[in-house]
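Residues per chain are reported as follows:
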There are 2 protein chains.
Amino acid sequence: MKRYAFFISDGTGITAETLGNSLLSQFEGITFERVTLPYIDNLDKAQQAVTKINESAANSGFPAIIIDTVVDKNIRTIIDTANAFKIDIFAAFLAPLEQELGEQSSYTVGKSHSPADSTNYRDRIAAVNFALDNDDGARTQHYADADIILVGVSRCGKTPTSLYMAMQFGIKAANYPLTEDDMADLTLPASLRTHKHKLFGLTIDPDRLSAIRTERRANSRYASLKQCYHEVDEVELLYQREGLKFISTTDKSIEEIATRIMAETGLQRRLQS
Amino acid sequence: MKRYAFFISDGTGITAETLGNSLLSQFEGITFERVTLPYIDNLDKAQQAVTKINESAANSGFPAIIIDTVVDKNIRTIIDTANAFKIDIFAAFLAPLEQELGEQSSYTVGKSHSPADSTNYRDRIAAVNFALDNDDGARTQHYADADIILVGVSRCGKTPTSLYMAMQFGIKAANYPLTEDDMADLTLPASLRTHKHKLFGLTIDPDRLSAIRTERRANSRYASLKQCYHEVDEVELLYQREGLKFISTTDKSIEEIATRIMAETGLQRRLQS
């Protein structure tokens, strides 16, 4: 059975999409064809959305599923005419919240809330730039400004994790690749030693590491199973010897790696979304 | 009035956080102290969470607000003992969805759904690597593999937008800085011309651009208002002459820039979250 699911919003659609995916992932027996319709912010666009939804419903033989966060009542009235089963987030939760908080919501009074906050924007761009400038051990002289310094062997997930932490949380994350030389010395490089309290280790299953490295450089010593087992063994020994916290990135999404690091270190997000 | 809001999850907490922030942003008269508690996946952690929630409630003089996506019933039972007003996403929406879809949810049968999908992970890392490798016009020989090539003057938001599109949607986004030389030629550089259908322009308010550039290089010609006005004028003329779609990044969040580009170009996300 295939069902169409529409995530509809007058803004980016990220809330509807995030919640929608979370709910739909609970139904493993059904294949969902997901469509996000962002910026449905006038009656014409709403009517076009309804046409699209009705075509999909006819195509699948079932009503579509709609998960929406549209605020404007006139737009909602049009969306409601579609052949669909609707999950109405605001209707479900804002009325009880209004009662609990003793205040009317912007939704109820028909005012959409302010979008991008410019301090947030600047902090976030600064964090992304910091992650880019301090990626892969490129520079170590700015580690005093870092919130965290991720360490690990090449291709264990340091760069995407640093960028995600910057983008989502505004955290200034540098990262530094631990090489065979570092491990042969049985100690942390001097540039890291002074910032030891900011270090956080990543590790990875050696077989998975070998597969990832093979995509970049097939049949190399770098990608060989033997080399990967050796490096991972050594780096985990180093973490233990130095008393560094570390987690495995194997089978984890970038979100999960990043949020687990936040939880383990107690770092707090610097952005209010 | 200050209220504590807790976003609680047995996973990353991203769904609870996203929905929670969306709902709370509708109450502009109230200051919320937001706390995310991810990976509450055993009874001990649940009990610690309750202690923390109760302390916050006592501290503010009001029950806390809880927005949660915990699946396990025993953990939920403990969370329910906290002094809090609870927004229960799964309880609210899964029962009606089960009826509509004619299937029991994993939540109901007590099975948590599978997290990271390895194809997704690989596609995403590949897209992030593509964005990094093809940032700022560094290389132009891989544009055939790009889904989109963002163009614009220096510091208008190309890099964070490319990275966000890669991370969130798995889109391979290159970016290329248009310089005075390109604009003086009144035409697109040859490396871009062959991929004209993939180009998407960014522009920005010149005063804002000058402020951003000043943070990087104060009192330079590069950051001067005159120079910024000149470059933005020229680049917008170029977009119009070449018939390129473009949007302004001024006062937009990175999410908004990225999702608007997706909507304008009709690009579809390559990741199923």
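Residues numbered from 1 in each chain as written. Chains lettered and ligands numbered in written order. Predicted model: local features only at pLDDT ≥ 70, side-chain atom pairs only at ≥ 80, totals over all residues. Heavy atoms only, no water.

Draft legend 1. The arrangement of the overall build of chain A in detail. When you go through chain A residue by residue, the secondary structure sums to 12 helices and 8 strands. Relative to the 2.2 N^0.38 estimate, which gives 19 Å for 273 residues, the radius of gyration of chain A is 24 Å and therefore markedly larger than a compact globule would have. In terms of overall dimensions, chain A has C-alpha extents of about 70 × 45 × 30 Å along its principal axes. Counting over 273 residues, chain A shows a buried share of 55%. Taking the average place of the 30 positive charges on the side chains of chain A and the average place of its 37 negative ones, the gap between the two points comes to 2 Å. (Helix = DSSP H or I, 4+ residues; strand = E, 2+ residues; numbered from the N terminus. Rg over C-alpha atoms; globule rule 2.2 N^0.38 Å. Buried < 20%, exposed > 50% of the residue type's maximum accessible area, 1.4 Å probe, protein only. Lys, Arg positive; Asp, Glu negative; His and termini not counted. Charge placed at Lys NZ, Arg CZ, Asp CG, Glu CD.)

Draft legend 2. Fine view of the sheet that holds strand E4 (residues 84-88) of chain A. Residues and elements named next belong to chain A. Pairing is parallel in the open sheet, where 4 strands are placed in the order E2-E1-E3-E4. In this open sheet, the two strands that pair with only one neighbour each are strand E2 (31-37) and E4. Going from strand to strand, the sheet's axes swing by 20° on average, the running direction of each strand aside. With 7 bridges connecting them, strand E1 (residues 2-8) and E2 associate as parallel partners. Among the inter-strand pairings, Phe 7 is bridged to a residue of E2, identified as Thr 36. Taken strand by strand, helix H2 (residues 43-60) contacts E1, E2, strand E3 (64-68) and E4, and its axis lies near 165° from that of E1. (Pairing = 2+ DSSP bridges. Axes fitted to C-alpha atoms, helices over the stretch in contact; angles between N-to-C directions. Contact = heavy atoms within 4.5 Å.)

Draft legend 3. Quick peek at helix H1 (residues 14-24) of chain A. Of all the 11 residues making up H1 of chain A, 11 are buried; the element is thus mostly covered by neighbouring parts of the structure. Of the residues making up H1 of chain A, those classed as buried are Ile 14, Thr 15, Ala 16, Glu 17, Thr 18, Leu 19, Gly 20, Asn 21, Ser 22, Leu 23 and Leu 24 of chain A.

Draft legend 4. The arrangement of the relation of the copies chain B and chain A in detail. Laying chain B over chain A is done by rotating through 180° and shifting 0.0 Å along the axis; what remains is an RMSD of 0.0 Å. Taken together, the rotation and translation describe the operation of a two-fold axis. Taken together, the interface assignments show that 100% of the residues at the interface of chain B recur at the interface of chain A, consistent with an identical surface on both copies. (Least-squares fit on C-alpha atoms with pLDDT ≥ 70 in both.)

Draft legend 5. The arrangement of the interface of chain B and chain A in detail. Between chain B and chain A, the contact holds 77 residues from the first and 78 residues from the second. Counting the contacts that link chain B with chain A gives 10 salt bridges. The tally of links between chain B and chain A comes to 20 residue pairs in polar contact (both at pLDDT 80 or more). With 10 residues, helix H4 (residues 89-101) of chain B is the largest single contributor of residues to the side of chain B that touches chain A. Across the side of chain B that touches chain A, the residue classes break down as 35 nonpolar, 20 polar and 22 charged. (Salt bridge = Lys/Arg side-chain N within 4 Å of Asp/Glu carboxyl O. Polar contact = N/O pair within 3.5 Å; in protein donor to acceptor, adjacent residues only side chain to side chain. Nonpolar A, V, L, I, M, F, W, Y, C, P; charged D, E, K, R; others polar.)

Draft legend 6. Fine view of the pattern of salt bridges. Residues and elements named next belong to chain B. Applying the stated criterion across every chain yields a total of 35 salt bridges over all chains. A salt bridge links Asp 41 to Lys 45; its shortest N-O distance comes to 3.0 Å. Judged by its relative accessible area of 38%, Asp 41 falls in the partly exposed class. Since its relative accessible area comes to 30%, Lys 45 is described here as partly exposed. Salt-bridge contacts for Glu 180 lead to Arg 221; the nearest nitrogen and oxygen are separated by 3.2 Å. In this pair, Glu 180 is assigned in helix H8 (residues 180-184) and Arg 221 in the loop between helix H10 (206-216) and helix H11 (225-242), connecting sequence segments 41 residues apart. Owing to a relative accessible area of 56%, Arg 221 belongs among the exposed residues under this scheme.

Draft legend 7. Geometry of the state of the cysteines. All names here are of chain A. If you walk through the whole model with that rule in mind, you get 0 disulfides over all chains. Cysteine Cys 228 is unpaired, with the sulfur of Cys 156 as its nearest cysteine sulfur at 11 Å. Judged by its relative accessible area of 0%, Cys 228 is buried. (Disulfide = S-S within 2.5 Å.)

Draft legend 8. View of the sheet that holds strand E5 (residues 148-152) of chain A. All names here are of chain A. Spatially, 4 strands are ordered E6-E5-E7-E8 in an open sheet, and the strand pairing comes out parallel. In this open sheet, the two edge strands, each paired with only one partner strand, are strand E6 (173-177) and strand E8 (246-248). Averaged over neighbouring strand pairs, the angle between their axes works out to 25° when direction is ignored. Two strands pair when backbone bridges link them, and E5 and E6 are joined in this way by 5 bridges, in the parallel orientation.

Draft legend 9. Broad picture of the packing of helix H4 (residues 89-101) of chain A against helix H1 (residues 14-24) of chain B. Viewed as axis vectors pointing N to C, H4 of chain A and H1 of chain B meet at an angle of 60°, and their least axial separation amounts to 11 Å. The orientation of H4 of chain A with respect to H1 of chain B, classified from their angle, is oblique. The crossing of H4 of chain A and H1 of chain B is right-handed. Here Ile 89, Phe 90, Phe 93, Leu 94 and Leu 97 of chain A of H4 of chain A lie close against H1 of chain B, whose contacting residues are Leu 19, Ser 22 and Leu 23 of chain B. The residue inventory of the contact of H4 of chain A with H1 of chain B, partitioned by class, reads 7 nonpolar, 1 polar and no charged. (Parallel < 35°, antiparallel > 145°, perpendicular 65-115°, else oblique. Left-handed = near helix turned anticlockwise from the far one by under 90°.)

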